[in-house]
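This is what each chain is made of:
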Amino acid sequence: MTERFISVEAIAKRHPGPGGGQIAVFENLWLSMQRGEFACVIGHSGCGKTTILNILAGLDAPSEGAVIVDDQAIEGTSLDRAVIFQSHALLPWRTVLGNVAYAVTSKWRHWDRARVRAHAQRFIDLVGLTGSEHKRPSELSGGMKQRVGIARALSITPKIMLMDEPFSALDALTRGTLQDEVRRICLETGQTVFMITHDVDEAIYLADRIFLMTNGPGAVLAEIVQNPLPKDRIRLDLHRHPHYYAVRNHIVDFLVSRSKSFAAETPGHDPRDVPVVRVGKPELTIASGDEESRQASRPGLSRPSASC
Amino acid sequence: MTSSLRFRAAVVSIVLFAAFIGVWHIATRGSGAVAGMSPEYAKLMGVTATQGKSAMPGPLDVGAKLWEHLKRPFYDNGPNDKGLGIQLGYSIARVGLGYLLAVIVAIPLGFLIGMSPLISRALDPFIQVLKPISPLAWMPLALYTIKDSSLSAIFVIFICSVWPMLLNTAFGVASVRKEWINVARTLEVGTLRRAFTVILPAAAPTILTGMRISIGIAWLVIVAAEMLVGGTGIGYFVWNEWNNLSITNVIIAILLIGVVGMLLDQILARFTRMVTFPE
């Protein structure tokens, strides 16, 4: 992990609390991502996941700290960072084509209509909405709306895609199909993705690494789970992978109990050096950088600490 | 089912209309010769006294007179005898001009108020005080400063139609969904382009609703304003015919004011439908 494409450095977000005090959603949070990596953040509501995403998007500014993308500190929003909103956020007075074309003309202001149209059409085709170009968002199902949201985000060929629970409002079947599509598209285009989710299976299916966050206020990034599943995983035999349940149990255990007690149980937690969890055979403990390994308490799990 | 409902409603409307006309006709018809009187005295007294005819015109009188007006809507026999078309034309022109000025002022200003919390708070006390003032209260001041009765009427229309548009525009702009603004922000859309491509379409239904309320108020006020300033217009016509004791013409004017008001409202309703988007 040499290259740090995205580097979140010591960011904090505080809100004015009752009685003049300050309530910190999170303090001194560090994380980094490589180019082409797919990362998911899991944590309970109120842990500041969306705040982190908004800071990455430039929609919100951290109270402290900085975010560096591609060796540049970010300031405000950028066409390099596309956001897929939970509520799809399509402009209802524009058609499918109009919504995608709006993003395209925002990026390439001098393109003529035909060029914008052809470019937008390419991404509409990519998400499988060919034939629905002239429909308005109100005529589309929830899944189709989110496809338009994805097409709009992809059409500006961003360096990073930021997804805020993009599939949480969809039914299970549609969600599955869209996860497949997003995975396919991201693998094809080598997209760097930062995604928030509540769905453990979604995270395991999509992510290369999964960031686990403790409960807020005062949330911390507790662990980074390295996904042991092969890159060419297939949804159908996901659950047959020998490490699947170990990873899943680890994450669920974290969400159910350890997310509340983590801060109390781990007094020496270093936010700059978050432990990386690698699920594998117990004897195959992968040590890295840091010499001081922490003990693996669960069968099939080892948790050496490592800088990420 | 829908068409049958519409059909039944139309039948009920026609029945009600016929009943109203019938009652009106019966109530105002003559009751026959009342008393014998010398022909000269009878001539002086008119049909009201001699044949018991009501002073109130019946539907047939009004209908006949209306037909007369509709046949010659644009005649001009001098300052006190113009066709109804001309009078309505003057009123519509005044409303149109005052309303247009109000649009030019209210919509940009409403945008500013909606987008800037500072301006919104700073202007709020003025708007709160100015809004409830009856537009006709401005008339003396307008006459004194503008020194032209016709322009003063236009000013009164302006001042009465500016408030609903201003407040609705400000409200519509201020309550544009945050996520749409965020979409524009993540796409690095500039302020001006954002105003035209996101905020304006999003707020358009609310703005048009304000414009529809305004045109209704403007049409209400023009009649009163023209009664005050005189000269031309449907409001002046009503007052003039009252002075002539021509109740028939007053009734016809009332009817036409209603019809024109409805048409103006329908035009704005159509515009509102055009900009309304389903979610």
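The rules behind these values
Counting starts from 1 at the beginning of each chain's written sequence and moves along it residue by residue. All chains are assigned letters beginning with A, and all ligands numbers beginning with 1, in the order in which they are written. Restriction of local features to residues with pLDDT of at least 70 applies here, the model being predicted, together with a cutoff of 80 or more for giving and counting side-chain atom pairs; totals for whole chains, interfaces and linings are based on all residues. Calculated side-chain values reflect all of the structure's heavy atoms, with hydrogen atoms and water omitted. Strands here mean DSSP runs of E at least two residues long; helices mean DSSP runs of H or I at least four residues long; both are numbered from the N terminus. For every residue, the accessible area (1.4 Å probe, protein chains only) is compared with the maximum for its type, and the residue is labelled buried under 20%, exposed over 50%, or partly exposed between those bounds. Residue contacts are counted whenever heavy atoms from the two residues lie within 4.5 Å of one another. Throughout, buried area stands for the accessible area (probe radius 1.4 Å) lost by two parts on being put together, summed over both. Criterion for a salt bridge: a side-chain nitrogen of Lys or Arg within 4 Å of a carboxyl oxygen of Asp or Glu. Polar contact is defined as a pair of N or O atoms within 3.5 Å, subject to the rule that within protein one atom must be able to donate a hydrogen and the other to accept it, and that residues adjacent in sequence are counted only when both atoms are side-chain atoms. The pairing criterion is simple: DSSP has to find at least two bridges between the two strands. Lines fitted to C-alpha atoms define the axes, with helix axes restricted to the stretch in contact, and inter-axis angles between N-to-C directions lie between 0 and 180 degrees. Just so you know how the angles are binned, under 35 degrees is roughly parallel, over 145 roughly antiparallel, 65 to 115 roughly perpendicular, and the rest oblique. Helix crossings get a hand from a simple test, with the near helix turned counterclockwise from the far one by less than a right angle marking a left-handed crossing and a clockwise turn marking a right-handed one. In this classification, the charged set is Asp, Glu, Lys and Arg, the nonpolar set is Ala, Val, Leu, Ile, Met, Phe, Trp, Tyr, Cys and Pro, and all remaining amino acids, among them Gly, are polar. Ring pairs are drawn from Phe, Tyr and Trp, using the six-membered ring of Trp, whenever the two centres fall within 6.5 Å, and their geometry is named by plane angle: stacked under 30 degrees, edge-to-face over 60, tilted for the rest. Two conditions define a charge located above a ring, namely a distance within 6 Å from the ring centre to NZ of Lys or CZ of Arg, and an angle within 35 degrees of the ring normal. Residues enter patches when they are more than 30% accessible in relative terms and free of salt bridges; like-charged ones are connected within 9 Å and nonpolar ones (Val, Leu, Ile, Met, Phe, Trp, Tyr) within 5 Å. In this description, accessible areas are obtained by the Shrake-Rupley approach with a 1.4 Å probe, and a residue is regarded as covered only by the protein chains that are shown. A residue's pLDDT is simply how confident the predictor is in it, with values from 0 to 100.

(A) Structural view of the overall build of chain A. Across its full length, chain A holds 7 helices and 12 strands. Among the 308 residues that make up chain A, the fraction classed as buried is 53%. Counting only contacts in chain A whose residues sit at least 6 apart along the sequence, the fraction spanning at least 24 positions is 70%.

(B) Up close: the interface of chain A and chain B. Residue-level contacts link 23 residues of chain A with 18 residues of chain B. Both sides of the chain A and chain B interface together cover about 1,900 Å² of buried area, and 63% of this is carbon and sulfur. In this structure, the connection of chain A to chain B is made through 0 salt bridges. Applying the counting rule to chain A against chain B returns 9 residue pairs in polar contact (both at pLDDT 80 or more).

(C) How the structure looks around the pairing of strand 4 (residues 64–69) of chain A. Residue and element names in this part refer to chain A. Examined bridge by bridge, strand 1 (residues 6–16) and strand 4 share 5 bridges and lie antiparallel to one another. Residue pairing for strand 4: A12 is matched across the bridge by E64. Where strand 4 and strand 5 (residues 72–73) come together, 2 bridges link them in antiparallel fashion. Residue V69 lies in a different strand from strand 5, and its bridge partner there is Q72. In textbook terms, the turn of a hairpin is the stretch between consecutive antiparallel strands, and for strand 4 and strand 5 this stretch comprises 2 residues, one of which, D70, has a positive phi near 55°.

(D) Seen up close, the packing of helix 11 (residues 234–243) of chain B against helix 12 (residues 247–275) of chain B. All names here are of chain B. Where helix 11 contacts helix 12, the two axes come as close as 8 Å, and the packing angle between them is 160°. In this view, helix 11 runs roughly antiparallel relative to helix 12, as classed from their interaxial angle. Between helix 11 and helix 12 the crossing geometry is left-handed. The residues of helix 12 that touch helix 11, namely those facing I234, F237, V238, E241 and W242, are I247, N249, V250, A253 and I257. Partitioning the contact of helix 11 with helix 12 into residue classes produces 8 nonpolar, 1 polar and 1 charged.

(E) Just the environment of A224(B), in detail. You can see A224(B) is positioned in helix 10 (residues 191–229). A C-alpha to C-alpha distance of 11 Å links A224(B) and S134(B), two positions 90 residues apart in sequence.

(F) How the structure looks around the environment of S63(A). All names here are of chain A. Tracing the sequence through the fold places S63 in the loop between helix 1 (49–57) and strand 4. For the pair S63 and D270, spaced 207 residues apart in sequence, the C-alpha to C-alpha distance is 20 Å. Ignoring any residue separated from it by four or fewer positions in sequence, one finds S63 in contact with A12, K13 and R14. Here the side chain of S63 touches R14 through a polar contact of 2.9 Å, landing on its backbone nitrogen.

(G) Structural view of the sheet that holds strand 4 of chain A. Residues and elements named next belong to chain A. Taking strand neighbours across the sheet as the criterion, the 4 strands line up as 2-1-4-5 in an open arrangement whose pairing is antiparallel. Both outer strands of the open sheet, strand 2 (22–33) and strand 5, are each paired with one neighbouring strand and no more. Where strand 1 lies against strand 2, 8 bridges are found, and the strand directions are antiparallel. Paired with V8 across the bridge in strand 2 is L31.

(H) Highlighting the packing of aromatic side chains. Using the criterion set out here, one finds 9 aromatic pairs over all chains in the structure. For the ring pair W138(B) and F155(B), a centre distance of 6.2 Å and an interplane angle of 80° mean the geometry is edge-to-face. With W138(B) in the loop between helix 6 (117–130) and helix 7 (139–146) and F155(B) in helix 8 (residues 149–174), this pair connects stretches of sequence that are 17 residues apart. Taken together, the ring pairs in this structure connect W93(A), W180(B) and F277(B) into an aromatic cluster. The residue whose ring lies beneath R183(A) is Y205(A), and the NZ or CZ to ring-centre distance is 5.6 Å. Lying over the aromatic face of W30(A), R272(A) brings its terminal NZ or CZ to 3.8 Å of the ring centre.

(I) Expanded view of a nonpolar patch on the surface. Together, L100(B), L101(B), I104(B), V105(B), L109(B) and L112(B) give the surface a local cluster of nonpolar side chains, amounting to about 510 Å² of exposed area. Its place among the elements puts L100(B) in helix 5 (residues 84–115).

(J) Seen up close, the pattern of salt bridges. Residue and element names in this part refer to chain A. With the rule as written, the count across this model stands at 20 salt bridges over all chains. Residue K159 pairs with D70 through a salt bridge whose shortest N-O separation is 3.2 Å. Pair noted here: K159 is in the loop between helix 4 (142–155) and strand 7 (160–164) and D70 is in the loop between strand 4 and strand 5, with a separation of 89 residues, a long-range link. Under the relative-accessibility criterion, K159 is labelled partly exposed at 35%. Exposure remark for D70: the relative accessible area of 28% places this residue in the partly exposed category. One salt bridge in this structure joins E181 and R184, with 3.2 Å as the shortest N-O distance. Separated by 3 residues within a single helix, E181 and R184 lie in helix 5 (residues 172–189), roughly one turn from each other. With relative accessibility at 34%, the residue R184 sits in the partly exposed group.

(K) Up close: the confidence of the model for chain B. Mean pLDDT over chain B works out to 91, with 96% of the residues at or above the 70 mark. At the level of chain-chain contacts, confidence expressed as ipTM amounts to 0.83, with global pTM at 0.84.

(L) Structural context of helix 11 of chain B. All names here are of chain B. Where burial is concerned, most of helix 11 is hidden: 7 out of the 10 residues are buried. Turning to helix 11, its buried residues are I234, G235, Y236, F237, V238, N240 and E241. Just beyond helix 11, the residue with positive phi is L245, at close to 55°.

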